[in-house]
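A closer look at the structure
This is what each chain is made of:
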Amino acid sequence: MTEAASSARPKRPEFRNINALTDLPTYRLPAAGWVSILHRASGVLMFLLMPFIIWMFDTSVTSELSFARFKAAFNTGLGFAPGWFLKLVVLALMWAYLHHFIAGLRHLWMDVSHNAVNKQFGKTSAVTVLALSLGLTLVLGLKLFGVY
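Nothing here was measured: the structure is a model prediction, and the numbers come from that model. For every chain, the first residue of the written sequence is number 1, and numbering continues from 1 along that sequence. Note on the predicted model: pLDDT of at least 70 is required for a residue's local features to be given, and 80 or more for side-chain atom pairs to be given and counted; whole-chain, interface and lining totals, by contrast, use all residues. Derived side-chain values reflect all non-hydrogen atoms in the structure, with water molecules and hydrogen atoms excluded from consideration.

Brief notes about the layout of surface pockets
Think of a 1 Å grid over just the protein atoms. A cavity is a set of points where a 1.4 Å probe fits yet cannot get out, a pocket is an open set with protein on both sides within 12 Å along at least five of seven lines, and lining residues have an atom within 4 Å of a point. Grid points are joined across faces, edges and corners, and a volume is the space filled by probe spheres set on the points. Of the pockets and cavities examined, the largest pocket occupies roughly 230 Å³. For the largest pocket, the full set of lining residues is Arg28, Leu29, Pro30, Ala31, Ala32, Lys119, Gly122 and Lys123. Each helix is a run of DSSP H or I of at least 4 residues and each strand a run of E of at least 2, with the numbering of both proceeding from the N terminus. Elements with a minimum of two residues in the lining of the largest pocket: helix 2 (31-48) and helix 6 (119-144). No other element matches helix 6, which puts 3 residues into the lining of the largest pocket. When residues are grouped by polarity, Ala, Val, Leu, Ile, Met, Phe, Trp, Tyr, Cys and Pro land in nonpolar, Asp, Glu, Lys and Arg in charged, and all others, Gly among them, in polar. Per-class residue counts for the lining of the largest pocket are 4 nonpolar, 1 polar and 3 charged.

Brief notes about the packing of aromatic side chains
For this analysis, a ring pair means two rings from Phe, Tyr or Trp (six-membered ring only for Trp) whose centres lie within 6.5 Å, classed as stacked if their planes differ by under 30 degrees, edge-to-face if by over 60, and tilted for the remaining angles. In total, this model carries 6 aromatic pairs according to the counting rule given. Here the aromatic rings of Phe70 and Phe74 are separated by 5.0 Å at their centres, their planes lie at 70°, and the arrangement is edge-to-face. With a gap of 4 residues between them, Phe70 and Phe74 both fall in helix 4 (residues 64-76), about one helical turn apart. Both residues of the pair, Phe70 and Phe74, count as buried. Among the aromatic residues, those joined into a ring-pair cluster are Phe52, Trp55, Phe67, Phe70 and Phe74. For each residue, the accessible area found with a 1.4 Å probe, counting protein chains only, is set against the maximum for its type, and the residue is called buried under 20%, exposed over 50%, and partly exposed in between.

Structure follows, in structure tokens:
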């Protein structure tokens, strides 16, 4: 190849590893990256809180007396945990489920219609997932804390 032909070619981008201490504070992650990370985090959160979820289900359906204790736990607290803290944990679980479910639907849609997937669809669908999961969590959180 001649020198003139090689100089006419555009310079290829240089890819490098990201240094966690120097590059991450200034690194701007796209919306699809946030959805991907939060999809994993929500799955881990639901897995780690599975004993709490099982306790909530078991306590709420065993009997009327246990359901009354269940409601009282969220109003007055349970042991060392005040009621508002239990409600925050449930709110986090609501967000985790909603985000994981909606992001999972996004991934399924991309698997089914892989020919129609492009960069713009990835950005739009990621923003939609974030907006829907946060919006629905807000609505359910207002209900959980008794605003309506």
